[in-house]
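For reference, the chains in residue letters:
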Amino acid sequence: MAVAVGIDLGTTNSAIAATQGGQTTVIPNAEGSRTTPSVVAFTPQGRVKLVKVNVDGSPRIQERFGVRAIPTLIVLRQGQVAPRRPGAAPAGDLRAWAEDVIGS
């Protein structure tokens, strides 16, 4: 029987659900929660991981990375903060910035 999987990559949290035989189930994460904070990163193999952190719920991360504006885009290279971009911007500007930072 075919299985359909849906991913809701939200701005704060994400969820994954699977539908099989007319039944839909939200798949819990490793901690048992039905939602997971959204995030973005690159693995050493060049794969992209997207990560979004709710700094209100994670004040240590806010302090660690010096987040002073919402949103703040941060690029990490080998665990160290590389370029960052605080504040909202049009999608085209953000894309150009990201391509410049990571190389397209």
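Preceding block: the structure.
Quick caveat: nothing in here was measured; it's all calculated off a predicted structure. One numbering rule holds for all chains: residues counted from 1, following each sequence as written. Local features are withheld for residues below a pLDDT of 70 in this predicted model, meaning they are given only at 70 or higher, and side-chain atom pairs are given and counted only at 80 or more; totals for whole chains, interfaces and linings count all residues. Hydrogens and water molecules were not included; the side-chain quantities draw on all heavy atoms of the structure.

> Let's hear about the overall build of the chain: which residues, and what values?
Strands here mean DSSP runs of E at least two residues long; helices mean DSSP runs of H or I at least four residues long; both are numbered from the N terminus. Within the chain, the regular secondary structure consists of two helices and eight strands. Across the chain, helices and strands are ordered from the amino to the carboxyl terminus as β-β-β-β-β-β-α-β-β-α. Buried, partly exposed and exposed residues are distinguished by accessible area as a fraction of the type maximum, computed with a 1.4 Å probe on protein chains only: under 20%, between the cut-offs, and over 50%, respectively. Among the 104 residues that make up the chain, the fraction classed as buried is 13%.

> Explain the side chain of Thr72 residue by residue, including any values.
When you line up the elements, Thr72 lands in strand E7 (residues 72–77). Here, residues are in contact when the closest pair of their heavy atoms is within 4.5 Å. Beyond its immediate stretch of four places on either side in the chain, Thr72 contacts Val67, Arg84, Arg85 and Pro86.

> Can you explain a nonpolar patch on the surface? Please cite residues and give values.
In this analysis, a patch consists of residues with relative accessible area above 30% that form no salt bridge, clustered at 9 Å for like charges and at 5 Å for the nonpolar side chains Val, Leu, Ile, Met, Phe, Trp and Tyr. Areas reported as accessible are Shrake-Rupley estimates using a 1.4 Å probe. Residue values count occlusion only from the protein chains shown. Salt bridge, as used here: a side-chain nitrogen of Lys or Arg that lies within 4 Å of a carboxyl oxygen of Asp or Glu. A cluster of nonpolar side chains, contributed by Val3, Val5, Ile7, Ile16 and Ile27, occupies part of the molecular surface with about 450 Å² of accessible area. Sorting elements by how many residues they give to the nonpolar patch places strand E1 (residues 3–9) first, with three residues. As for its position among the elements, Ile27 is in the loop between strand E3 (23–26) and strand E4 (36–37). Residue classification places Ile27 among the partly exposed residues on the basis of a relative accessible area of 41%.

> Break down helix H2 (residues 91–102) for me, with residues and values.
Between its terminal C-alpha atoms H2 stretches 16 Å, which fits the 16 Å expected from twelve residues at 1.5 Å a residue. One or two residues past the end of H2 sits Gly103, with phi positive at roughly 75°. In this analysis, the expected span of each helix is defined as 1.5 Å times one less than the number of residues it contains.

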